[in-house]
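A structural walkthrough
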Amino acid sequence: MTHFNTIRLVKKACLAFALVLTATFAQAQGTLNDIAFLDGRWLGTYNGGPIEASWTAPKGNNIVGFIRMIKDDKPALYEIFAFEQTDNGPVAMVKHFKPGMISLEEKEVADRYKFIEAKKNQALFEKDDASVRIIYERRSPTQLVIQRGKKENDKWSFVDLFIFNKIP
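Residues numbered from 1 in each chain as written. Predicted model: local features only at pLDDT ≥ 70, side-chain atom pairs only at ≥ 80, totals over all residues. Heavy atoms only, no water.

- The protein chain goes by DUF6265 domain-containing protein in an unreviewed UniProt entry, where it is assigned to Dyadobacter fermentans.

Structure (structure tokens):
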């Protein structure tokens, strides 16, 4: 093998390695398609009352949704979600409202969660202050679960927060 062929081979190997790294990095960033399984209407129970959720399919670099909680046949809490695609992957923004659309966060503030990773029908997000992690998981075609995690002894521990069944 000539010196020229060796250089050509090394260049091809470097290019192939760079392409693999680029594909791996892009996959690790995630896209809204990683959470497209949220799409639909969902119903569960929480705190003694019904809880309903709905999310749209990805379109225009976003997914929007809501959760409404009912207690004693009256609204208890609303959560409004916007997932937006960024250069670093999806970002989840959540605002909470009491009845009368009274915001629990400041007017210009929303809880923000950055995308960490995704598996088939599962995505992990972390709050900007790293105090909470959320897993969205489609456990079956008719069940969606939202888990809340907190760090204990340097290890994340998750519990089911909301369990939803698909509304046909």
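A look at the overall build of the protein chain
- A tally of regular secondary structure across the protein chain gives one helix and 11 strands.
- What you see in the protein chain, going N to C, is helices and strands ordered as α-β-β-β-β-β-β-β-β-β-β-β.
- The 168 residues of the protein chain split such that 34% are buried.
- Long-range contacts, defined here as pairs at least 24 residues apart, represent 31% of the contacts in the protein chain between residues at least 6 apart.
- Within the structure as shown, the protein chain displays about 10800 Å² of accessible surface, and the carbon and sulfur contribution to it stands at 55%. (Helix = DSSP H or I, 4+ residues; strand = E, 2+ residues; numbered from the N terminus. Buried < 20%, exposed > 50% of the residue type's maximum accessible area, 1.4 Å probe, protein only. Contact = heavy atoms within 4.5 Å. Areas by Shrake-Rupley, 256 points an atom, 1.4 Å probe, with all protein chains shown as cover.)

Focus: the pairing of strand β7 (residues 111-119)
- Alignment of strand β5 (residues 89-98) against β7, held across four bridges, turns out to be antiparallel. Across the sheet, residue A92 finds its bridge partner in β7, namely Y113.
- Bridge analysis of β7 against strand β8 (residues 122-127) gives six bridges, and the strand direction is antiparallel. Bridging across to β8, E117 finds its partner in L124.
- Hairpin connection between β7 and β8: a loop of two residues separates the two successive antiparallel strands, and N121 in this loop has a positive phi of roughly 60°. (Pairing = 2+ DSSP bridges.)

What about the pattern of salt bridges?
- For the coordinates displayed, the defined rule picks out nine salt bridges.
- Residue E126 is joined to R133 by a salt bridge in which the shortest nitrogen-to-oxygen separation is 2.8 Å. Across the pair, R133 and E126 agree in class, each one buried.
- Each of the salt bridges in this network shares a partner with another, and the network as a whole consists of R41, E52 and R68. (Salt bridge = Lys/Arg side-chain N within 4 Å of Asp/Glu carboxyl O.)

Focus on the packing of aromatic side chains
- Tallying each qualifying case throughout the model produces nine aromatic pairs.
- On the numbers, 5.7 Å between centres and 75° between planes, the contact of F83 with Y136 is edge-to-face. Of this pair, F83 sits in strand β4 (residues 74-86) while Y136 is found in strand β9 (residues 133-140), placing the two residues 53 residues apart along the sequence. Both residues of the pair, F83 and Y136, belong to the buried class.
- Ring geometry for F125 against Y136: centres 5.8 Å apart, planes inclined by 85°, an arrangement best described as edge-to-face. In this pair, F125 is assigned in strand β8 and Y136 in strand β9, connecting sequence segments 11 residues apart.
- Under the relative-accessibility criterion, F125 is labelled buried at 0%. (Phe/Tyr/Trp six-rings, centres within 6.5 Å; stacked < 30°, edge-to-face > 60°.)

Focus: the side chain of Q122
- Tracing the chain through its elements places Q122 in strand β8.
- Judged by relative accessible area, which is 18%, Q122 ranks as buried.
- Setting aside residues no more than four positions away along its own chain, Q122 makes contact with F37, E117, I135, Y136 and E137.

Some details on the nonpolar core
- Judged by nonpolar contacts, the single largest core of 27 residues is most densely connected at W55, I67, F83, F125, Y136 and F164.
- For F83, the residues in contact, after removing those within four places along its chain, are L32, I35, L38, W55, N61, N62, I63, V91, A92, F125 and Y136. (Core = buried A, V, L, I, M, F, W, Y, C linked by side-chain atoms within 4.5 Å.)

Focus: unusual backbone geometry
- Of note, N47 is a non-glycine position whose phi angle comes to about 55°, a positive value.
- Its location among the elements puts N47 in the loop between β1 (40-46) and β2 (49-55).
- A positive phi angle, close to 60°, is found at D154, a residue other than glycine.
- Within the secondary structure, D154 is located in the loop between β10 (143-152) and β11 (155-166).
- Under the relative-accessibility criterion, D154 is labelled exposed at 73%.

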